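Listed below, chain by chain, are the residues.
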Amino acid sequence: MARGRGADVEVKFRRDLGLLDITMIGLGPTIGTTIFLLVGPGFAITGPSLLLAFFLNFLVTLLTAMAYMELGSAFPETGGGYLWIRRSMRDPWGFLGGWLSWFGHCIVASFYIFGFGLGAVVALETVLGEPDLHLFGLDEGGLTKLFAVLAAGAFVALNYRGTKITGRSETAVTMTLLAVVVAFIVFALAAILRGGGLPPANLTPFFQGDSAFAQFIALLGAMGFTFIVFEGYEIIAQTGEETKDPEKNIPRAVFIVIGLSTVIFILVALGAIGVAGSCVATSPGDACLLVQTPGGIEGNNNAIADIAARVMPYGLYVVVIGIVLGALAAINSLIFSSSRVSFAMGRDGTLPKSFGRLHPRKRTPHVSIAASGLLIIGMTLTLDINTVAASADIMFLLLFLLVNWAVIVLRRTMPDVKRSYRMPLFPLIPLAGIASKGIIALSLWAYEPQAWFIALGWIGLGLAVHYVHSKKEVVATFTKAVEAILPAARERYRILLPLEDFDRTELVDFAALVAQVEDAQLTLLHVVEVPSTLPIDAIDRLYVGEVRWNLGKLRRRAEELGARASARVEVSHRVFETILENVKEDETDLLILGWKGGWRKGRILGGNVDRFVQEAPCDVVVFKSAGLKERPARILVMNAPEWHVSYATGYAILLAKKHKSTITIFSAVQTDREMEQEKGYSARLAAMCSTHGVPFEEKLLKTRNIVDAVVAEAASYDLVVLGASSEWRLTQFAFGPMQDQIARRTTVPTLMVRKVRRKEQWTSPPPVPAPAPTP
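Bear in mind that the values here come from a model prediction, so they are computed numbers and not experimental data.

## Some words on the overall build of the chain
Next up, step 1: From N to C terminus, the chain includes 26 helices and 14 strands.
Next up, step 2: Every one of the 775 residues in the chain was classed for burial, and the buried ones make up 59%.

Rendered as structure tokens:
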């Protein structure tokens, strides 16, 4: 029985993210804290040739980016580089791709958390006027780690609970970061021009080192140390299965992020070098790229903030805000992406299955999030910020090396797969990418050997885990479970009923009644919302099967009532957008929505109901059906001089004929002139009832407050029916100023109707045939 009811329910996975969304996902972490914190240490390694290092990093990154663009257009799967490596190579290489990706995302998150802690300390020092802050017995380093760990714990908890930052919020944060960075560039370059141009002394010596070889190694070291700023396109690859038109949008987003980031990095570095040169800070707040420490001269992580304080009004505050905002946005993205990789590995069987399980209530990968959080916090407590940055660089350089090899293998083993983007000069470009990534990674040994020990230790631990766990499972390719039924023929009229609760049978009964009258195609839709921390196909198949079974029962019920019905389950990150896209794609004529009656300040009716009424390009019926009797005996129709009311009365007549109910046409007015007008409108509605043999009565009342009168009158009825007023088009109303108040205040079940005029619109409501018998 369950099989029969579930098998005829279509399941779809909805792609939610557009080009702007995925560009912001990659750009936010790229231009965040890294550009503010790494210019000083990068300058300490190679001097003014840091400008050249950024440009060469762009060229080197472009080699691997072309591999990502080709693979992303051919295999738009959640998991990005990890899954491509798994497709192309046998274990342990496939496993190591995921292992490096997971650790790389975690250690980059640790770097951004460091940035947040550093920004918080600088902000406190500025506010308190204490250049050398000590609190709770902790110095600056201890306070930085304290604030960093608190931020990490907060974001791990948010991801565990399934709370998410909305796409609009992420876009707003990224735009704010862009504004901060652009402001710094403008003021720094303006300061240079006011001083007579870029001082030649600030660019000499251009390279760091006593010999050409030493200068070359220094340049490579700076490229490796700052490579972390170019890893944003790996996060874009994580969104493959949720991206609209991924074959085109992923390559575009990758190129936009890399190109824009390179321009920003070079201009920020040029502004900083032009203003500060090679001066060495000897006291807090000195606007220098280098700083004197007990261990010698080192790069100043606070250099951009100190320079901003010198060239910009409130520059220190602006940059500190940028550091904190960038860190917060990046932390959320990276905890999100790191938990996705470990979740995918658990689902594949390359990590214990517990990593691939969802929390039974919160529907989040709680084990993956907890494991990622422990790694992030552990690295934050035990490593310094520069070692964290170098370790992240090594992880991503090795990961990108493997991706370059994967694109060569997949071009050879899977040549028939459609590739909307194909890199030129194949295989020279991926081979050059492999060589360049390997050389840059090795160069970091000269500057951060501890980072290499961490990388080798993690790889060794991964191999041990792999061989101990050693479940030789077939690679899960995350094929989409789209089990579609044969498409139904296009009807003259289509009705869509989104259902959140499967016990709302009264909504199905009403929709089936209208569908039978209109000879329409009724579609029942349930949207399974997946938390943004999960890939779109991460939802438990048993849960989807249960949803299909319940929706199949309701579809069967609609058919028993005489309606042509189909059912569909869609899996998506965004419920409202998914339902609205279904309305547009199916060319829906009528959208029926259930409303529980709740609302809050700032909303009209609450939830997504307001947005559907305002934005749906079709007729909308909102049914507050809680407490509706099985056979409502008395129906109250609020009379008004609006054409929406005629259609609302038509629906009331349908229900009255089915349940043998009596309709009361109620007119509440404030003046005698309105009373005469309302009598005419009431007579028109009474004629509709008389034509269809429905018993009715007309009531007219002169009152000072129409809303109070209708609410008081409705108390003795089983159902209230309201038609929209012409003011519904104003954004502060759903159905109209009085209609909205009545719907919120009355405790009686309420049916609200809003029509949309079309080119071929009926001049009057359609005839009302006899409804099907109640099952």
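## Describing the pattern of salt bridges
Next up, step 1: Taken as a whole and judged by the stated rule, the model has 13 salt bridges.
Next up, step 2: What you see here is one network of salt bridges that share partners, running through Glu70, Arg411 and Arg419.

## A few points about the packing of helix H12 (residues 246-276) against helix H13 (residues 303-311)
Next up, step 1: For the pair H12 and H13, the least separation of the axes is 11 Å and the interaxial angle reads 65 degrees. In terms of orientation, H12 lies roughly perpendicular with respect to H13. Crossing handedness for the pair H12 and H13: left-handed. Seen from H12, the contacting residues are Val268, Ala272, Val275 and Ala276; seen from H13, they are Ile304, Ile307, Arg310 and Val311.
Next up, step 2: In the contact of H12 with H13, the residues fall into seven nonpolar, no polar and one charged.

## Considerations on the environment of Ile323
Next up, step 1: On the secondary structure map, Ile323 appears in helix H14 (residues 315-348).
Next up, step 2: The exposure class assigned to Ile323 is buried, which follows from its relative accessible area of 6%.
Next up, step 3: For the pair formed by Ile323 and Gly115, sequence separation is 208 residues and the distance between their alpha carbons is 6.6 Å.
Next up, step 4: Setting aside residues up to four positions removed in sequence, Ile323 forms contacts with Thr33, Phe36, Leu37, Gly115 and Gly119.

## A look at the sheet that holds strand S3 (residues 290-293)
Next up, step 1: Read from one edge to the other, the open sheet built from three strands follows the order S2-S3-S4, with strand pairing classed as mixed. Of all strands in the sheet, those bounded by a partner on one side alone are strand S2 (280-281) and strand S4 (296-299).
Next up, step 2: Relative to S3, S2 runs parallel, the two being bridged by two bridges. By the bridge assignment for S3, Val280 is matched with Leu290.

## Description of the nonpolar core
Next up, step 1: Formed by 156 residues in total, the largest nonpolar core has its most connected members in Trp102, Phe111, Val268 and Leu289.
Next up, step 2: The contact partners of Phe111, leaving out residues within four places of it in the chain, are Thr34, Leu37, Leu38, Ile228, Ile385, Val388 and Ala389.
Next up, step 3: Counting residues in hydrophobic clusters, the runner-up holds 55 residues, among them Phe510, Phe623, Ile653 and Ala686.

## Quick look at the packing of aromatic side chains
Here the distance between the centres and the angle between the planes together describe a pair of aromatic rings.
Next up, step 1: Scanning the model with the defined rule gives 19 aromatic pairs in all.
Next up, step 2: When the centroid spacing of 4.2 Å and the interplanar angle of 10 degrees are considered together, the rings of Trp99 and Trp458 count as stacked. You can see Trp99 sitting in helix H7 (residues 93-128) and its partner Trp458 sitting in helix H18 (residues 449-469), a full 359 residues away along the chain.
Next up, step 3: The exposure class assigned to Trp99 is buried, which follows from its relative accessible area of 4%.
Next up, step 4: Here Trp458 falls in the buried class, since its relative accessible area comes to 9%.
Next up, step 5: Considering the side-chain rings of Tyr314 and Tyr317, the 6.4 Å spacing of their centres and the 55 degrees angle between planes classify their relative orientation as tilted.
Next up, step 6: For Tyr314, a relative accessible area of 66% corresponds to the exposed category.
Next up, step 7: Of the aromatic side chains, those joined through ring pairs into one cluster are Phe95, Trp99, Trp102, Phe103, Phe355 and Trp458.
Next up, step 8: It is Arg411 that lies over the ring of Phe426; its NZ or CZ is 4.0 Å from the centre.

## Regarding the environment of Met675
Next up, step 1: Position of Met675 relative to the elements: it lies in helix H24 (residues 672-691).
Next up, step 2: Sequence separation between Met675 and Leu700 is 25 residues, and the spatial gap between their C-alpha atoms is 7.6 Å.
Next up, step 3: Among all residues touching Met675, those that are not within four sequence positions of it are Val669, Leu700, Leu701 and Lys702.

Conventions used here
Residues numbered from 1 in each chain as written. Predicted model: local features only at pLDDT ≥ 70, side-chain atom pairs only at ≥ 80, totals over all residues. Heavy atoms only, no water. Helix = DSSP H or I, 4+ residues; strand = E, 2+ residues; numbered from the N terminus. Buried < 20%, exposed > 50% of the residue type's maximum accessible area, 1.4 Å probe, protein only. Salt bridge = Lys/Arg side-chain N within 4 Å of Asp/Glu carboxyl O. Axes fitted to C-alpha atoms, helices over the stretch in contact; angles between N-to-C directions. Parallel < 35°, antiparallel > 145°, perpendicular 65-115°, else oblique. Left-handed = near helix turned anticlockwise from the far one by under 90°. Contact = heavy atoms within 4.5 Å. Nonpolar A, V, L, I, M, F, W, Y, C, P; charged D, E, K, R; others polar. Pairing = 2+ DSSP bridges. Core = buried A, V, L, I, M, F, W, Y, C linked by side-chain atoms within 4.5 Å. Phe/Tyr/Trp six-rings, centres within 6.5 Å; stacked < 30°, edge-to-face > 60°. Lys NZ or Arg CZ within 6 Å of the ring centre and 35° of its normal.

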